[in-house]
Amino acid sequence: MVASHIDSVKIIRNSAPYINAHREKTFVLMFGGEAIEDANFANIIHDIALLNSLGVRLVLVHGARPQIDQRVALRNLPGRFHLGARITDKQTLECVKDAAGSVRSQVEALLTMGLSNSPMHGAQIRVCSGNLVVAMPSGVQQGIDFENTGTVRRIDVEGINDHLNDGSIVLLSPMGYSSTGEVFNLSYTDVATHAANALHADKLIAFTQEQGIINESGELLRNLERDELQDLLANPFHTEQHQILQAIATTLDAGTPRCHCVSYQQDGALLQELFTRDGSGSLISQRSYEQLRPANIDDVGGILELITPLEEKGVLLKRSREHLENEIEQFTVIERDGMAIACGALYPYADEKMGELACVATHSDYRGGNRGERLLEAIKNQAAQQGLHTIFVLTTVTAHWFQEQGFVEVTLDTLPSKKQQLYNFQRNSKVFALSL
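Residues numbered from 1 in each chain as written. Predicted model: local features only at pLDDT ≥ 70, side-chain atom pairs only at ≥ 80, totals over all residues. Heavy atoms only, no water.

Comments concerning the overall build of the protein chain
The secondary structure content of the protein chain amounts to 15 helices and 25 strands. Across its three principal axes, the protein chain shows a C-alpha extent of roughly 90 × 55 × 35 Å. Of all intrachain contacts in the protein chain linking residues separated by at least 6 positions in sequence, the fraction that spans at least 24 positions is 71%. Looking at the protein chain as shown, the accessible area adds up to about 21400 Å², and 47% of this sits on carbon and sulfur atoms. With 37 positive and 53 negative side-chain charges, the protein chain shows a separation of 3 Å between the mean positions of the two kinds. (Helix = DSSP H or I, 4+ residues; strand = E, 2+ residues; numbered from the N terminus. Contact = heavy atoms within 4.5 Å. Areas by Shrake-Rupley, 256 points an atom, 1.4 Å probe, with all protein chains shown as cover. Lys, Arg positive; Asp, Glu negative; His and termini not counted. Charge placed at Lys NZ, Arg CZ, Asp CG, Glu CD.)

Pasting the structure below:
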C-alpha cells in the first residue's frame, strides 16, 4: 500500500476505540448563528451525519443572533439589549421567528442532502424539531421589561428521547413556547445547557470561532478541570467565550462528565476532537483528563506496550506478562482517555528503609509535560508513607534526568544486600539515590 493508504488505515484503526465508546451516547451540540454563516458549516453537517451513522444520539441547538440582527436592521427597528440579552418586543419577535425558522430550515435541508457525490450519500437522516422547549418570560430586571425574551422552563425529555430512540437527530431552535400560547426568544446556550442537563447527556460540545478556549495570552487551553474555569469566568475578556464557558460550567455542575469546545472554522475539528487522543480544541472535565492512579490488572497490556520498545533497546530489563501481573500493585500509571501513557514502579526494601524506583516509561507521543516529574512525586509520597528514607534507581541512559530531580550517584555497596546480589554487571548500570 502507498503511504497515504497506510495512514488512512491507521487512522481508522486508531479511531475504533472511540467509535465503540461513543455509540449510543447522547451528545448535545450547540452552535451560534455565526457558525451557520461560515463557509465550513457544510463540512460540520457532514461530520454530524457521520456521527449519526455511527450510532451517536444527537441533539443540535442553534443560535440566530446575526440573522436576527439582519432582519431588525432591514425593518429599521432599534436593537435593544440589556445584561447581554436582547429585549424582544412584538416587532422584534417577528424578526426572531423569521430568522430562527430560516436557520432551522437551512440546517434541515443540509442534513437531508444525499447527492451521490457527497459525504451524505445514503444517509437518509430524519431531523425532528417542534415544541420541545417550554419557556417562561424573563420578566422585569433592573427596571427593564424584557417582554418576549424568555428563559427555559422545561425540556420535553420524553419527546426528545422518543425521537432519539427512533434514530432521528433532534434540532432545537432558540425559541420556546408557554402554556399560554406565547412565543419567547431564548438564548441558544440556555437551551443547550437545559437540554444537556435534562437528558443527562454524555457530552456538551460547543462550537466557537476560536480553536477552543483561549486564555488572556492567546494560548489554546487543551485540557481543563471544572475548577479551572472559575478564573476564566472571573475575567470576561471575550464575550462569546464567556457565555460558552458559563454554559459549560453549568452543564458540568449538573453532572455531564465532559464538555468540549471546538472551532466552527476548522475543517474536521469535531471528528478530530472526538476520535483522536489529543483532539483539536479544548476538553473540560469534572476531573483531570490525565489521571495519575495506582495500576490494576487491566493495565498490564498498556504497561507492556509502554515498556516493550525500551526493553528492545536495552534501556529496561525485560519483564514478562506473568511478571507484571504478579507485581502490578507496585506500579503507578498516568492514564489518558483510557490509555496508560506513563508508568513507574516502587519496590520497597523495608528492612533497609529503602525503595527501588524501576520501570519508569513514558509513551513516545507524551514525553515532556512534566509527566515524569508527576510520577516521581507520587512514588516519593508512596515511599514516605511506607516509612522509607531513601529511593534508588539503576539506569544506563537516563542519568542526567535523575540528577536533575535531585538524585546523586552512589556506589553499589549502598544498595540493599538482596539488590546487590541481583546486580547485572553486564549492564553496568549506574546507581543513583535520593534521600526523602
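What to know about the sheet that holds strand β13 (residues 203-208)
Reading across from one edge, β5-β10-β2-β1-β13-β17-β18-β16 is the order of the 8 strands in this open sheet, with mixed pairing throughout. Strand pairing shows two members of the sheet lacking a second neighbour, β5 (127-128) and β16 (223-225), which therefore form its edges. As paired elements, strand β1 (residues 26-31) and β13 share 4 bridges and run parallel to each other. Note that in β13 the partner of Met-30 across the bridge is Ala-206. Packed on one face of the sheet, helix α3 (residues 41-53) meets β1, β2 (57-62), β10 (169-172) and β13 and runs near 155° to β2. (Pairing = 2+ DSSP bridges. Axes fitted to C-alpha atoms, helices over the stretch in contact; angles between N-to-C directions.)

Concerning the packing of helix α4 (residues 65-74) against helix α5 (residues 90-112)
Contact geometry for α4 and α5: axes closest at 8 Å, N-to-C directions at 135°. Comparing their axes, α5 and α4 come out oblique. Crossing handedness for the pair α4 and α5: right-handed. Contacts between α4 and α5 involve Gln-67, Ile-68, Arg-71 and Val-72 from the former and Thr-92, Cys-95, Val-96, Asp-98, Ala-99, Ser-102 and Val-103 from the latter. Partitioning the contact of α4 with α5 into residue classes produces 6 nonpolar, 3 polar and 2 charged. (Parallel < 35°, antiparallel > 145°, perpendicular 65-115°, else oblique. Left-handed = near helix turned anticlockwise from the far one by under 90°. Nonpolar A, V, L, I, M, F, W, Y, C, P; charged D, E, K, R; others polar.)

Quick word on unusual backbone geometry
One non-glycine residue, Glu-24, adopts positive backbone phi at about 70°. The topology assignment puts Glu-24 in the loop between α1 (3-22) and β1. By relative accessible area, which is 55% here, Glu-24 ends up exposed. Not every positive phi belongs to a glycine, and His-200 is a case in point at roughly 55°. (Buried < 20%, exposed > 50% of the residue type's maximum accessible area, 1.4 Å probe, protein only.)

Some remarks on the packing of aromatic side chains
Tallying each qualifying case throughout the model produces 6 aromatic pairs. Seen in terms of ring centroids, Trp-401 and Phe-402 are 5.0 Å apart; in terms of plane orientation they differ by 85°. Their pairing is edge-to-face. The class for Trp-401 is partly exposed, based on a relative accessible area of 24%. What makes Phe-402 buried here is its relative accessible area of 4%. (Phe/Tyr/Trp six-rings, centres within 6.5 Å; stacked < 30°, edge-to-face > 60°.)

Describing the side chain of Asn-185
Take Asn-185: it is sitting in strand β12 (residues 183-185). A polar contact of 3.1 Å, which involves the side chain of Asn-185, links it to the side chain of Thr-88. Setting aside residues up to four positions removed in sequence, Asn-185 forms contacts with Ile-68, Arg-86, Thr-88, Val-96, Asn-148, Thr-149, Gly-150 and Pro-174. (Polar contact = N/O pair within 3.5 Å; in protein donor to acceptor, adjacent residues only side chain to side chain.)

A closer look at the side chain of Ser-429
Mapped onto the elements of the fold, Ser-429 is located in the loop between α15 (417-422) and β25 (430-435). What Ser-429 contacts, discounting residues up to four positions off in sequence, is Leu-394, Thr-395, Thr-396 and Tyr-423.

A short note on the pairing of β10
Taking every second residue as pointing to the same face, both faces of β10 are buried, with Ile-169 and Leu-171 on one and Val-170 and Leu-172 on the other. Relative to β10, β5 runs parallel, the two being bridged by 2 bridges. The partner of Val-127 across the bridge, within β10, is Ile-169.

So, the pairing of β25
Pairing geometry for strand β23 (residues 390-395) and β25, over 6 bridges, is antiparallel. Across the sheet, Thr-395 pairs through a bridge with Lys-430, a residue of β25. Bridge count between strand β24 (residues 408-410) and β25: 3 bridges; the pairing is antiparallel. What sits directly across from Val-408, in β25, is Ala-433.

Quick look at the nonpolar core
Counting 42 residues, the largest nonpolar core has Leu-29, Ile-48, Leu-58, Leu-60 and Phe-207 as its most contacted members. If near-sequence neighbours (up to four positions away) are discounted, Leu-58 is found in contact with Phe-27, Leu-29, Ile-48, Leu-51, Asn-52, Leu-164, Ser-168, Ile-169 and Val-170. Tyr-188, Ala-196, Ile-244 and Cys-259 belong to the second-largest nonpolar core, a separate cluster that totals 38 residues. (Core = buried A, V, L, I, M, F, W, Y, C linked by side-chain atoms within 4.5 Å.)

Some details on the environment of Ala-361
Position of Ala-361 relative to the elements: it lies in strand β22 (residues 354-362). On the accessibility criterion, Ala-361 (2% relative accessible area) is buried. For the pair Ala-361 and Gly-344, spaced 17 residues apart in sequence, the C-alpha separation works out to 6.6 Å. Every residue in contact with Ala-361, bar those within four places of it in the chain, is listed here: Leu-306, Ile-307, Leu-310, Leu-316, Ile-341, Ala-342 and Cys-343.

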